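# What the coordinates show
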Amino acid sequence: MTYVHPFIFSLATIIPLSPDEVLRKGSGTLCEALLMVEAYRADIVCPNKTQSAGEKHYKGHLLESETYIGGHVECLEAGVFHADIP
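Computed from a predicted model, the values in this text were never measured in an experiment. (Residues numbered from 1 in each chain as written. Predicted model: local features only at pLDDT ≥ 70, side-chain atom pairs only at ≥ 80, totals over all residues. Heavy atoms only, no water.)

## Thoughts on the overall build of the protein
- Within the protein, the secondary structure is distributed over 3 helices and 2 strands.
- Beginning at the N terminus, the succession of helices and strands in the protein can be written as α-α-α-β-β.
- Of the roughly 8,500 Å² of accessible surface on the protein, a fraction of 60% belongs to carbon and sulfur atoms. (Helix = DSSP H or I, 4+ residues; strand = E, 2+ residues; numbered from the N terminus. Areas by Shrake-Rupley, 256 points an atom, 1.4 Å probe, with all protein chains shown as cover.)

## Details of helix α3 (residues 27-41)
- If you check α3, its first and last C-alpha atoms are 21 Å apart, about what 15 residues at 1.5 Å a residue would give, namely 21 Å.
- With its phi angle positive at about 55 degrees, Asp43 sits one or two positions after the end of α3. (Expected span 1.5 Å × (residues − 1).)

## Side note on the nonpolar core
- Listed in full, the 6 residues of the largest apolar core are Ile8, Leu11, Ala12, Ile15, Val22 and Leu30.
- Here the element with the most residues in this core is helix α1 (residues 6-14); it accounts for 3 residues.
- In this view, Leu30 contacts Ile15, Leu17, Val22 and Lys25; residues no more than four positions away in its chain are not counted. (Core = buried A, V, L, I, M, F, W, Y, C linked by side-chain atoms within 4.5 Å. Buried < 20%, exposed > 50% of the residue type's maximum accessible area, 1.4 Å probe, protein only. Contact = heavy atoms within 4.5 Å.)

## A few points about the pattern of salt bridges
- Evaluation of the coordinates by the stated rule reveals 2 salt bridges.
- A salt bridge links Asp20 to Arg24; the shortest N-O distance between them is 3.1 Å. Note that Asp20 and Arg24 are positioned in helix α2 (residues 19-24) at a spacing of 4 residues, about one turn of the helix.
- Exposure remark for Asp20: the relative accessible area of 42% places this residue in the partly exposed category. (Salt bridge = Lys/Arg side-chain N within 4 Å of Asp/Glu carboxyl O.)

## Brief notes about α1
- Along α1, the positions that sit buried rather than exposed are Ile8, Leu11 and Ala12. For α1, the buried positions fall inside an angular range of 100 degrees around the axis, keeping them on one side. Turned more than 90 degrees away from the buried face of α1 sit Phe7, Phe9 and Thr13, all of them exposed.
- Considering only its buried residues, α1 is in contact with α2. (Arc of directions from axis to C-beta.)

## Things to note about the environment of Pro16
- One can find Pro16 in the loop between α1 and α2.
- Pro16 gets classed as exposed once you look at its relative accessible area, which sits at 57%.

## Here's the deal with unusual backbone geometry
- One non-glycine residue, Pro16, adopts positive backbone phi at about 45 degrees.
- Its identity is not glycine, yet Asp43 carries a phi of approximately 55 degrees, on the positive side.
- When you line up the elements, Asp43 lands in the loop between α3 and β1 (56-58).

## Topic: the confidence of the model for the protein
- Counting all residues, the mean pLDDT for the protein is 79, and 87% of those residues have values of 70 or more.
- Across the protein, the element-wise mean pLDDT spans from 82 in β1 up to 86 in α2. (pLDDT = per-residue confidence, 0-100.)

This is the structure we're talking about:
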């Protein structure tokens, strides 16, 4: 018997993926899958994903992928803190 963490089991139940797939997906993909499930439940039509135009070149060289270097992501600290309790 395999132990599955309750949080992973809950995500796998909500998103309809196997627990193994939930563990392998990134947070963005899981978020998108959850939004699609909720849109389906609410009878909201979701647009198809946009397809890239194809090959892209930069200064005559074929680009394998376009990335942005130097971005900054700020993470807010979540949780219950001692200072929050009166």
